[in-house]
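Examining the three-dimensional arrangement
Read off the chains here:
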Amino acid sequence: MTTSVLFDAQGPRAKQRNILYTVVFVVVLAAVAWWVYTSLDEKNQLDWVKWEPFFTSPQPWETYIWPGFQNTIKAAFFALLIALPLGALFGIGRLSDHRWVRMPSGVVVEFFRAIPVLILMITANAAYAEFTDIATEQRLLYAVVTGLVLYNASVLAEIVRAGILSLPYGQTDAAKAIGMRKGQTMRYVLLPQSVTAMLPAIVSQIVVIVKDTALGGAVLTFPELLASVRPMSANYGANTIACFTIIALIYIALNFALTSFASWLERRLRRGKKSTGAVVGAGPDGGIKTIGTPKLVTEDGRAADGL
């Protein structure tokens, strides 16, 4: 009987039990799938007439899905554009040596991270309606973006703080040894190295931003992608299941594209770190002095000229 580093090899009885559990799980899963299929079929939700408009006519895509998709991307883009630098600012602020910077940053981050994003959207919408004269359509967009920014900036601040703290403290010591100030250490040493570590968590938060735009459609009637299901289903004979399925597939494709791009970017960043680098030292005026030209090292260990 062989063993593994993590667990002992299974004996004959354990193998029989695992086979039995697998068979039972497959049977239960098949029974549930059959029950779902028969329930939908009895209610005529699987009839081709309910799915046909999405495959034979551009009208549902042009009239309902595409405008909703544009609003979802618009809200997510503006929220990310504001929340990312704001989160980085508060995350770095929480690491400040100055208490008057560290304490307010911590209060803001903890406060908005503790409030559900839906409450932030509703409050922002009420505030815009009460104190501004913004048109209703623009007000809904502003409210959704405001709620997403306040919540996700606080979460991104914690991601940035954790990413920087995950680096070995020797990096800071080395920067101090060559005369770097703390701002220079953060800008030239810590932040560039922590980006790769933070990237998966940042991408996960981007996916959350995209999905949370649906809260604005459900409560504030913001015309985003998921909100297009209601008028689309009413116009095409109560094909609710078909509409939700198409919208779900669009969300899956969008989020998969985001995660795939992030994986490609992370691999590129990691390859980019395989470089000889430039020798960095302190200049006579206390600034950063670079000696030599950085060269990128290819995967076979050779330096690539011109980079």
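Residues numbered from 1 in each chain as written. Predicted model: local features only at pLDDT ≥ 70, side-chain atom pairs only at ≥ 80, totals over all residues. Heavy atoms only, no water.

1. Let's talk about the overall build of the protein chain
Along the backbone of the protein chain there are ten helices and four strands. Helices (α) and strands (β) of the protein chain occur, in sequence order from the N terminus, as α-α-α-α-α-α-α-α-α-α-β-β-β-β. Every one of the 307 residues in the protein chain was classed for burial, and the buried ones make up 33%. Put simply, of all contacts in the protein chain between residues at least 6 apart along the chain, 65% involve residues at least 24 apart. Of the accessible surface of the protein chain, which amounts to about 18,900 Å², a share of 66% is contributed by carbon and sulfur atoms. (Helix = DSSP H or I, 4+ residues; strand = E, 2+ residues; numbered from the N terminus. Buried < 20%, exposed > 50% of the residue type's maximum accessible area, 1.4 Å probe, protein only. Contact = heavy atoms within 4.5 Å. Areas by Shrake-Rupley, 256 points an atom, 1.4 Å probe, with all protein chains shown as cover.)

2. Looking at the packing of aromatic side chains
Applying the stated criterion across every chain yields a total of nine aromatic pairs. Ring geometry for F111 and F112: centres 5.0 Å apart, planes at 85 degrees, overall edge-to-face. (Phe/Tyr/Trp six-rings, centres within 6.5 Å; stacked < 30°, edge-to-face > 60°.)

3. Brief notes about helix α5 (residues 117-131)
Compared with an ideal rise of 1.5 Å per residue, which puts 15 residues at 21 Å, α5 spans 21 Å between its outermost C-alpha atoms and is within 8% of the ideal. On its buried face, α5 is in contact with α4 (99-114), α6 (136-165) and α8 (182-219). (Expected span 1.5 Å × (residues − 1).)

4. Examining the side chain of R139
With respect to the element layout, R139 can be found in helix α6. One buried charged residue, R139, forms no salt bridge at all, with the nearest opposite charge on D133 at 9.7 Å. Among residues more than four places away in sequence, those in contact with R139 are N125, Y128, A129 and I134. (Lys, Arg positive; Asp, Glu negative; His and termini not counted. Salt bridge = Lys/Arg side-chain N within 4 Å of Asp/Glu carboxyl O.)

5. Focus: the environment of K50
Its location among the elements puts K50 in helix α2 (residues 48-56). The exposure class assigned to K50 is buried, which follows from its relative accessible area of 13%. The sequence separation of K50 and A238 amounts to 188 residues, and the corresponding C-alpha distance is 7.9 Å. In contact with K50, not counting residues within four places along its chain, are N44, Q45, G237, A238, N239 and A242.

6. Some thoughts on the layout of surface pockets
Empty space among the atoms becomes apparent when a probe as large as a water molecule is rolled across them. The calculated volume of the second largest pocket comes to roughly 330 Å³. Where the lining of the second largest pocket is concerned, the elements lending two or more residues are α3 (59-93), α8 and α10 (240-272). The leading source of residues in the lining of the second largest pocket is α8, at six residues. Partitioning the lining of the second largest pocket into residue classes produces 16 nonpolar, no polar and no charged. (1 Å grid on protein atoms, 1.4 Å probe; cavity = no way out; pocket = protein on both sides within 12 Å on 5 of 7 lines; lining within 4 Å. Points joined across faces, edges and corners; volume = space filled by probe spheres on them. Nonpolar A, V, L, I, M, F, W, Y, C, P; charged D, E, K, R; others polar.)

7. Quick notes on unusual backbone geometry
The phi dihedral of N44 falls on the positive side, at around 60 degrees, and the residue is not glycine. Residue placement: N44 occurs in the loop between α1 (12-42) and α2. Judged by relative accessible area, which is 40%, N44 ranks as partly exposed. A positive phi angle, close to 60 degrees, is found at T221, a residue other than glycine.

8. Side note on α1
For α1, built from 31 residues, the straight-helix expectation of 45 Å at 1.5 Å per residue is met to within 8% by its first-to-last C-alpha distance of 45 Å. Looking one or two residues past α1, N44 carries a phi angle of roughly 60 degrees, positive in sign.

9. Some thoughts on the confidence of the model for the protein chain
Chain-level statistics for the protein chain give a pLDDT mean of 83 and a share of 86% at 70 or above. Low pLDDT (under 50) marks residues 275-282, which in the prediction has 28 contacts with non-local residues, meaning those over four places away or in another chain. Across residues 290-307 the pLDDT falls below 50, and counting only partners more than four positions away or on other chains, this stretch makes 33 contacts in the model. (pLDDT = per-residue confidence, 0-100.)

10. Quick look at a nonpolar patch on the surface
On the surface, a cluster of nonpolar side chains totalling about 690 Å² of accessible area is made up of L20, Y21, V24, V28, V32, W35 and V36. Within the fold, L20 resides in helix α1. (Patch = residues over 30% accessible without salt bridge, like charges linked within 9 Å, V, L, I, M, F, W, Y side chains within 5 Å.)

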